[in-house]
Amino acid sequence: MKDLVGRWRVEDGTFRGLEYEFRNDGSFEMRMSEFEVRGAGRYRVRAEGQPFEIDIHFVQHSSPEGLGIVRGIFEVRDGQLRMKVGGLQSERWMDPNQYVVYARAA
(Lines give C-alpha, C1' and ligand atoms only; values in the text may rest on other atoms or scores of the structure.)
Protein backbone atom coordinates (compact mmCIF):
# COMPACT_ATOMS: atom_id res chain seq x y z
CA MET A 1 0.00 0.00 0.00
CA LYS A 2 1.81 3.05 -1.30
CA ASP A 3 -0.02 5.53 0.99
CA LEU A 4 1.60 3.88 4.02
CA VAL A 5 5.16 4.20 2.68
CA GLY A 6 7.13 6.99 4.34
CA ARG A 7 8.07 8.31 7.78
CA TRP A 8 5.35 8.89 10.37
CA ARG A 9 5.59 10.48 13.83
CA VAL A 10 3.21 10.85 16.78
CA GLU A 11 3.09 14.55 17.67
CA ASP A 12 1.22 14.46 20.99
CA GLY A 13 -0.29 12.20 23.61
CA THR A 14 1.08 9.12 25.34
CA PHE A 15 3.12 7.96 22.33
CA ARG A 16 4.56 11.39 21.45
CA GLY A 17 7.84 10.97 19.55
CA LEU A 18 7.14 7.43 18.33
CA GLU A 19 8.19 7.10 14.68
CA TYR A 20 7.70 4.43 12.05
CA GLU A 21 9.29 4.44 8.63
CA PHE A 22 7.59 2.02 6.24
CA ARG A 23 9.47 1.24 3.03
CA ASN A 24 8.33 -0.01 -0.40
CA ASP A 25 10.23 -3.28 0.03
CA GLY A 26 8.18 -4.32 3.09
CA SER A 27 10.80 -3.34 5.65
CA PHE A 28 10.36 -0.82 8.45
CA GLU A 29 12.20 0.97 11.24
CA MET A 30 10.65 2.14 14.49
CA ARG A 31 12.19 4.54 17.00
CA MET A 32 11.26 6.46 20.09
CA SER A 33 14.40 8.49 20.79
CA GLU A 34 13.28 9.84 24.17
CA PHE A 35 13.34 6.30 25.60
CA GLU A 36 16.19 5.05 23.39
CA VAL A 37 13.91 2.43 21.83
CA ARG A 38 14.61 1.20 18.30
CA GLY A 39 13.32 -1.66 16.22
CA ALA A 40 13.27 -2.93 12.67
CA GLY A 41 11.88 -5.75 10.60
CA ARG A 42 9.21 -6.52 8.04
CA TYR A 43 5.57 -5.53 7.74
CA ARG A 44 2.65 -6.96 5.80
CA VAL A 45 -0.61 -5.24 4.88
CA ARG A 46 -4.00 -6.67 4.00
CA ALA A 47 -5.93 -3.91 2.26
CA GLU A 48 -9.18 -5.76 1.57
CA GLY A 49 -12.17 -4.41 3.47
CA GLN A 50 -12.14 -1.84 6.23
CA PRO A 51 -10.23 -1.33 8.39
CA PHE A 52 -6.99 -2.38 6.69
CA GLU A 53 -4.90 -4.88 8.64
CA ILE A 54 -1.16 -4.71 9.37
CA ASP A 55 1.28 -7.23 10.82
CA ILE A 56 4.55 -5.75 12.07
CA HIS A 57 7.31 -8.31 12.66
CA PHE A 58 10.16 -7.01 14.83
CA VAL A 59 13.33 -8.97 14.04
CA GLN A 60 15.55 -6.34 15.68
CA HIS A 61 14.71 -4.44 18.86
CA SER A 62 16.63 -2.54 21.53
CA SER A 63 14.98 -4.87 24.07
CA PRO A 64 14.84 -8.66 23.58
CA GLU A 65 11.26 -8.55 24.90
CA GLY A 66 10.34 -6.44 21.86
CA LEU A 67 10.98 -9.18 19.30
CA GLY A 68 7.99 -10.75 17.58
CA ILE A 69 4.81 -9.81 15.76
CA VAL A 70 2.25 -7.15 16.63
CA ARG A 71 -1.05 -7.14 14.75
CA GLY A 72 -3.34 -4.22 14.20
CA ILE A 73 -5.39 -2.01 11.95
CA PHE A 74 -4.73 1.26 10.15
CA GLU A 75 -5.94 3.85 7.70
CA VAL A 76 -4.24 6.71 5.87
CA ARG A 77 -6.54 9.68 5.53
CA ASP A 78 -6.17 13.46 5.27
CA GLY A 79 -2.37 13.25 5.43
CA GLN A 80 -2.38 11.22 8.63
CA LEU A 81 -1.72 7.62 9.53
CA ARG A 82 -4.16 6.24 12.08
CA MET A 83 -2.89 2.94 13.43
CA LYS A 84 -3.34 0.76 16.49
CA VAL A 85 -1.56 -2.49 17.21
CA GLY A 86 -1.92 -5.02 20.00
CA GLY A 87 0.77 -6.55 22.16
CA LEU A 88 3.39 -8.99 20.99
CA GLN A 89 1.96 -12.30 19.81
CA SER A 90 -1.56 -11.24 20.90
CA GLU A 91 -4.84 -10.95 19.04
CA ARG A 92 -5.22 -8.31 16.34
CA TRP A 93 -6.34 -4.94 17.71
CA MET A 94 -9.68 -4.21 16.02
CA ASP A 95 -11.11 -1.04 17.63
CA PRO A 96 -10.63 2.00 15.34
CA ASN A 97 -11.83 4.26 18.20
CA GLN A 98 -8.39 3.77 19.78
CA TYR A 99 -6.21 4.75 16.81
CA VAL A 100 -2.89 6.46 17.51
CA VAL A 101 -2.51 9.38 15.07
CA TYR A 102 0.78 9.87 13.19
CA ALA A 103 1.72 12.88 11.05
CA ARG A 104 3.94 12.53 8.01
CA ALA A 105 7.51 13.34 9.10
CA ALA A 106 10.12 15.08 6.99
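## Here's the deal with the overall build of the protein
Logical step 1: Of regular secondary structure, the protein possesses zero helices and eight strands.
Logical step 2: Starting at the N terminus and walking to the C terminus, you meet the elements of the protein as β-β-β-β-β-β-β-β.
Logical step 3: The C-alpha atoms of the protein give 13 Å as radius of gyration, which agrees with the globular expectation for 106 residues (13 Å, within 12%).
Logical step 4: The dimensions of the protein, computed from C-alpha atoms along their principal axes, are 35 × 30 × 30 Å.
Logical step 5: When burial is assessed residue by residue, the protein has 38% of its 106 residues classed as buried.
Logical step 6: Across the protein, contacts joining residues at least 24 apart in sequence account for 29% of those joining residues at least 6 apart.
Logical step 7: Of the roughly 6300 Å² of accessible surface on the protein, 47% is carried by carbon and sulfur atoms.
Logical step 8: Mean positive and mean negative side-chain charge positions of the protein (16 and 17 charges, respectively) differ by 3 Å.

## Focus on the pattern of salt bridges
Between side chains of opposite charge, a pair can form when the charged atoms approach closely.
Logical step 1: Summed over the entire model, instances satisfying the criterion amount to 14 salt bridges.
Logical step 2: A salt bridge links R31 to E21; the nearest nitrogen and oxygen atoms lie 3.7 Å apart. Here R31, found in strand β3 (residues 27-32), pairs with E21, found in strand β2 (residues 19-22); they are ten residues apart in sequence, far enough to count as distant.
Logical step 3: Here E21 falls in the partly exposed class, since its relative accessible area comes to 22%.
Logical step 4: Taken together, the shared-partner salt bridges in this structure form one network comprising R7, R9, E19, E21, R23, E29, R31 and R38.

## As for the nonpolar core
Logical step 1: Judged by nonpolar contacts, the single largest core of 20 residues is most densely connected at Y20, F22, I56, M83 and Y102.
Logical step 2: Elements with a contribution of two residues or more to this core: β2, β3, β5 (52-61), β6 (68-77), β7 (80-85) and β8 (100-104).
Logical step 3: For this core, the element with the most residues is β5, which contributes four residues.

## Digging into the side chain of K84
Logical step 1: Position of K84 among the secondary structure elements: in strand β7.
Logical step 2: An unpaired buried charge is present at K84: no salt bridge exists, and D95, the closest side chain of opposite charge, is 9.0 Å distant.
Logical step 3: Excluding residues within four positions of it along the chain, K84 makes contact with G72, I73, W93, Q98, Y99 and V100.

Criteria and thresholds
Residues numbered from 1 in each chain as written. Predicted model: local features only at pLDDT ≥ 70, side-chain atom pairs only at ≥ 80, totals over all residues. Heavy atoms only, no water. Helix = DSSP H or I, 4+ residues; strand = E, 2+ residues; numbered from the N terminus. Rg over C-alpha atoms; globule rule 2.2 N^0.38 Å. Buried < 20%, exposed > 50% of the residue type's maximum accessible area, 1.4 Å probe, protein only. Contact = heavy atoms within 4.5 Å. Areas by Shrake-Rupley, 256 points an atom, 1.4 Å probe, with all protein chains shown as cover. Lys, Arg positive; Asp, Glu negative; His and termini not counted. Charge placed at Lys NZ, Arg CZ, Asp CG, Glu CD. Salt bridge = Lys/Arg side-chain N within 4 Å of Asp/Glu carboxyl O. Core = buried A, V, L, I, M, F, W, Y, C linked by side-chain atoms within 4.5 Å.

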